[in-house]
Amino acid sequence: TYPLHMKSAIRYSFISRYLPLAFTPLVIGCQSKTAGEVPPPNVLFILTDDMQATSIHALGNPDVHTPAIDSLIAEGITFTNTYTNGALCGALSMPSRAMLMTGRGLYDIQADGMKIPEAHTTFPQQFRKHGYHTFATGKWHSDKASFNRSFQEGDNIYFGGMHPYELNGHCSPHLNRYDSTGVYGQDTEFVGEEFSSKMYADAAIRFLQSQKDGEQPFLAYIAFTSPHDPRNQLPAYGQKYNPGALSLPPNYLPQHPFDNGEMEVRDELLVPAPRTREQVQKELADYYGMISEVDVQIGRVLQALQETGQADNTIIVFASDNGLAVGRHGLLGKQNLYDHSVKVPLTLLAPAYKNRKGEKNNALCYLHDIAPTLCELANIPLPESMKAHSLYHILENPAATHRTDLFLAYSNLQRAFVSGNQKYIIYNVHGTITEQLFDLGKDPLELHNLLPGQEKAARHLKKQLEYRMEEEDDFCRLSDPLWWQDGHKLTFEEMQQLYVYE
């Protein structure tokens, strides 16, 4: 397909609590699998909303309590350098989830993921075409037609970006029952009586129980809306945190040192800058509370999977769609290209790799690389529309090379390039250029801008960034002093005109 319009317009024992003592090995790969040798693997995909990789106990945060997620990390393979590709507008969940579903990059999805056109096959849709029973619950931040193409069953579905404050947030989630016609409306809409995470976990558990004796392989997608705000009300279950007892992140700042073009986006106005240490600690306490509550629900889902007797033949993926600043670099939101916002957790458990428990792999990858990976693991052909790079070869050979670099973008304001341990970020706000260079190996928290001082390295990375932008058909050009048009911030209406497909 071709664009019609461009530029113009843990250690917490997972085995003992959640899964059986052993997995049944899978025969993986098109060349090695013989029909009837093993049953096709099920897939359980667990996605959280705005969860930093640095907000998980097993990934180095001693303040937060995440036993269920920790157990997944202890049993699986975790990709510690997983990034989202970015976004063109402030609702970053929308493009992130569309990229995840389609295995396509930021400039290969339609209008920042508002719609997934029929020409872009989602990985659940591909599984469905090849005999899988596909199910989803939770958040779908794209069009309803693509949801129904992807899933033949669903329950407690949330169409939107976040549970509004004025509608009682997570405590009264406005949900939908599955409509086979794909229309959705008054007949399918209802208000949930439980906290959003519990509603989604309940739906997933009911589905898993229905598959206990099923002969058809299943793909279950659970898209939680936690720990995305509102975080002003927490359920009775889960861990509660004392703000004063929490450590401030070492890269905490009262406010960002310069205008990055998004100082007044909604996320940044939740607590106006400058923010005190006490204000950030309060935000962290609420954030960790949401992470712990969704961890409880993840544990319930894992327990239900075990009780079906199908856990030993199920691929499990745990990930988040974006990170979040929560006080780091003087920011609260995710409309930036620092690692706390663009890096996400990604852990994979597959029966074939049962002996690789707790393994960490630092290969550079995108979150949407998981789509072709799952197809390969299930011996399903990749759809022609899928462009991402499968991680299968990394699973087979952890020392193999994956991506040598990554290109990151936000709106028409920020661009970044990651190569090895070097990360270059450039900003253009009304014609004012700001540059940053970080050594992620020595400075993973991005505390020390190496500019001025290492201009030669920055020029080299900038040239690579320019090449990648041209290769990706980025609507911005670094050679233009304003990058795009007159340099005004891209509006939502303008965004909808970019990268539209048939």
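Above: the structure in question.
Report on the overall build of the protein, specifying residues and quantitative values.
A tally of regular secondary structure across the protein gives 13 helices and 20 strands. In terms of overall dimensions, the protein has C-alpha extents of about 60 × 50 × 50 Å along its principal axes. Taking all 502 residues of the protein together, 61% fall into the buried category. In the protein, the 42 positive side-chain charges and the 58 negative ones have mean positions that sit 3 Å from each other.

How would you summarise the sheet that holds strand β15 (residues 365-366) if you had to cite specific residues and measurements?
Spatially, the 3 strands line up as an open sheet ordered β12-β4-β15, and their pairing is mixed. Whereas interior strands pair on both sides, the edge strands pair on one side only; in this sheet they are β12 (343-344) and β15. Taken together, the 2 bridges between strand β4 (residues 82-83) and β12 define a ladder with antiparallel strand orientation. Residue pairing across strands places Thr82 opposite Val344, the latter belonging to β12.

Which residues make up the nonpolar core, and what are the values?
Ranked by internal contacts, the top residues of the largest apolar core, which has 96 residues, are Phe45, Leu88, Phe123, Phe127, Tyr221, Leu374 and Phe475. In terms of nonpolar packing, the next biggest core, distinct from the first, is built from 47 residues, Ile56, Ile73, Ile222 and Leu305 among them.

Please give an account of the side chain of Glu293 that cites residues and values.
Among the structural elements, Glu293 can be located in helix α8 (residues 277-308). Buried and unpaired, Glu293 has no salt bridge, with Lys240 as the nearest side chain of opposite charge at 8.9 Å. Looking at Glu293, its side chain comes within polar contact range of the side chain of Tyr237, at 2.8 Å. Glu293 has contacts with Phe195, Ser197, Ser226, Pro235, Tyr237 and Gly238, leaving out every residue within four places of it along the chain.

Mind laying out the packing of helix α6 (residues 196-210) against α8, listing which residues take part and the relevant values?
Packing of α6 against α8 leaves a shortest axis separation of 9 Å and a crossing angle of 5 degrees. One element, α6, and the other, α8, form an angle in the roughly parallel class. Listed contacts from α8 to Ser197, Lys198, Ala201, Asp202, Ala204, Ile205, Leu208 and Gln209 of α6 are Glu293, Val294, Gln297, Arg300, Val301, Ala304, Leu305 and Thr308. Split into classes, the residues belonging to the contact of α6 with α8 amount to 8 nonpolar, 4 polar and 4 charged.

How would you summarise helix α2 (residues 67-75) if you had to cite specific residues and measurements?
With 9 of 9 residues buried, α2 is to be regarded as a mostly interior element. Looking at α2, one finds that the buried residues are Pro67, Ala68, Ile69, Asp70, Ser71, Leu72, Ile73, Ala74 and Glu75.

Describe in detail the side chain of Arg415, supporting the description with residues and values.
Among the secondary structure elements, Arg415 is positioned in strand β17 (residues 414-419). According to the relative accessible area criterion, Arg415 is buried, its value standing at 0%. In this structure the side chain of Arg415 is engaged in a polar contact, spanning 2.7 Å, whose partner is the side chain of Asp474.

Outline the environment of Glu283, listing residues and values.
Here Glu283 shows up in helix α8. Owing to a relative accessible area of 16%, Glu283 belongs among the buried residues under this scheme. Setting aside its immediate chain neighbours within four residues, Glu283 contacts Arg231, Val271, Val326 and Leu332.

Can you tell me about the packing of α2 against α8, naming the residues and giving the values?
Direction vectors running N to C along α2 and α8 enclose 55 degrees, while the axes themselves pass 7 Å from each other. Compared by their axis directions, α2 and α8 come out oblique. Of the residues in α8, those touching α2 at Pro67, Ala68, Ile69 and Leu72 are Asp295, Ile298, Gly299 and Leu302. Residues that form the contact of α2 with α8 fall into these classes: 6 nonpolar, 1 polar and 1 charged.

Describe the pattern of salt bridges, with residues and values.
Between side chains of opposite charge, a pair can form as their charged atoms come close. Evaluation of the coordinates by the stated rule reveals 22 salt bridges. A salt bridge links Glu75 to Lys357; its shortest N-O distance comes to 3.7 Å. Of this pair, Glu75 sits in helix α2 while Lys357 sits in the loop between β13 (346-349) and β14 (359-361), and the two are 282 residues apart along the sequence. For Lys357, a relative accessible area of 39% gives the class partly exposed.

Before we move on, can you summarise the pairing of strand β7 (residues 153-159) with the specific residues and values?
Burial of β7 is extensive: 6 of the 7 residues sit out of reach of the surface. Here 5 bridges tie strand β6 (residues 133-140) to β7, and the two strands are oriented parallel to one another. Residue pairing for β7: Trp140 is matched across the bridge by Phe159. Traced from β6 through helix α5 (residues 144-150) to β7, the parallel crossover comes out right-handed.

Before we move on, could you go through the state of the cysteines and cite the residues and values that matter?
Applying the stated criterion across every chain, the model contains 0 disulfides. Left unpaired, Cys476 is separated from the closest cysteine sulfur, that of Cys89, by 14 Å.

If you had to explain α6 to someone new, which residues and values would you point to?
With 15 residues, α6 extends 22 Å between its outermost C-alpha atoms, agreeing within 8% with the 21 Å of an ideal straight helix rising 1.5 Å per residue. Counting buried positions along α6 yields 11 of 15 residues, so the element is predominantly enclosed. Within the span of α6, buried status applies to Ser196, Ser197, Met199, Tyr200, Ala201, Asp202, Ala203, Ala204, Ile205, Phe207 and Leu208. Those residues of α6 hidden inside the fold are in contact with β6, β7, β8 (174-176), β9 (189-191), β10 (218-223) and α8.

Break down the sheet that holds strand β18 (residues 422-429) for me, citing the residues and quoting the values.
Pairing between the strands of a sheet is mediated by backbone hydrogen bonds and can be parallel or antiparallel. An order of β5-β16-β17-β18-β19 is seen for the 5 strands of this open sheet, with the pairing classed as mixed. Strand pairing shows two members of the sheet lacking a second neighbour, β5 (86-87) and β19 (432-439), which therefore form its edges. The pairing of β17 with β18 spans 6 bridges and is classified as antiparallel. Note on β18: the bridge partner recorded for Arg415 is Ile426.

Outline the environment of Pro372, supporting the account with residue identities and numerical values.
Mapped onto the fold, Pro372 is located in helix α10 (residues 370-377). On a C-alpha basis, the gap between Pro372 and Leu234 in space is 36 Å, while along the polypeptide they are 138 residues apart. Apart from the residues lying within four places of it in its own chain, the contact partners of Pro372 are Leu382, Met386, Ala388, His389 and Ser390.

Requested: an account of unusual backbone geometry, with residues and values cited.
Cis peptide bonds are those with omega within 30 degrees of zero, and the linkage from Ala273 to Pro274 qualifies with 0 degrees. Locating Pro274 in the fold gives a position in the loop between α7 (266-269) and α8. Looking along the chain, the bond that leaves Leu451 and enters Pro452 is cis, with omega of -5 degrees. Looking at the secondary structure, you find Pro452 in the loop between β19 and α12 (455-471). Non-glycine residue Asp112 carries a positive phi angle of around 60 degrees. According to the relative accessible area criterion, Asp112 is buried, its value standing at 1%. Located in the positive-phi region is Asn168, a residue other than glycine, with phi close to 75 degrees. When its relative accessible area of 33% is taken as the criterion, Asn168 is described as partly exposed.

Calculation notes
- Residues numbered from 1 in each chain as written.
- Predicted model: local features only at pLDDT ≥ 70, side-chain atom pairs only at ≥ 80, totals over all residues.
- Heavy atoms only, no water.
- Helix = DSSP H or I, 4+ residues; strand = E, 2+ residues; numbered from the N terminus.
- Buried < 20%, exposed > 50% of the residue type's maximum accessible area, 1.4 Å probe, protein only.
- Lys, Arg positive; Asp, Glu negative; His and termini not counted.
- Charge placed at Lys NZ, Arg CZ, Asp CG, Glu CD.
- Pairing = 2+ DSSP bridges.
- Core = buried A, V, L, I, M, F, W, Y, C linked by side-chain atoms within 4.5 Å.
- Salt bridge = Lys/Arg side-chain N within 4 Å of Asp/Glu carboxyl O.
- Polar contact = N/O pair within 3.5 Å; in protein donor to acceptor, adjacent residues only side chain to side chain.
- Contact = heavy atoms within 4.5 Å.
- Axes fitted to C-alpha atoms, helices over the stretch in contact; angles between N-to-C directions.
- Parallel < 35°, antiparallel > 145°, perpendicular 65-115°, else oblique.
- Nonpolar A, V, L, I, M, F, W, Y, C, P; charged D, E, K, R; others polar.
- Right-handed = clockwise from strand over helix to strand, strands pointing away.
- Disulfide = S-S within 2.5 Å.
- Expected span 1.5 Å × (residues − 1).

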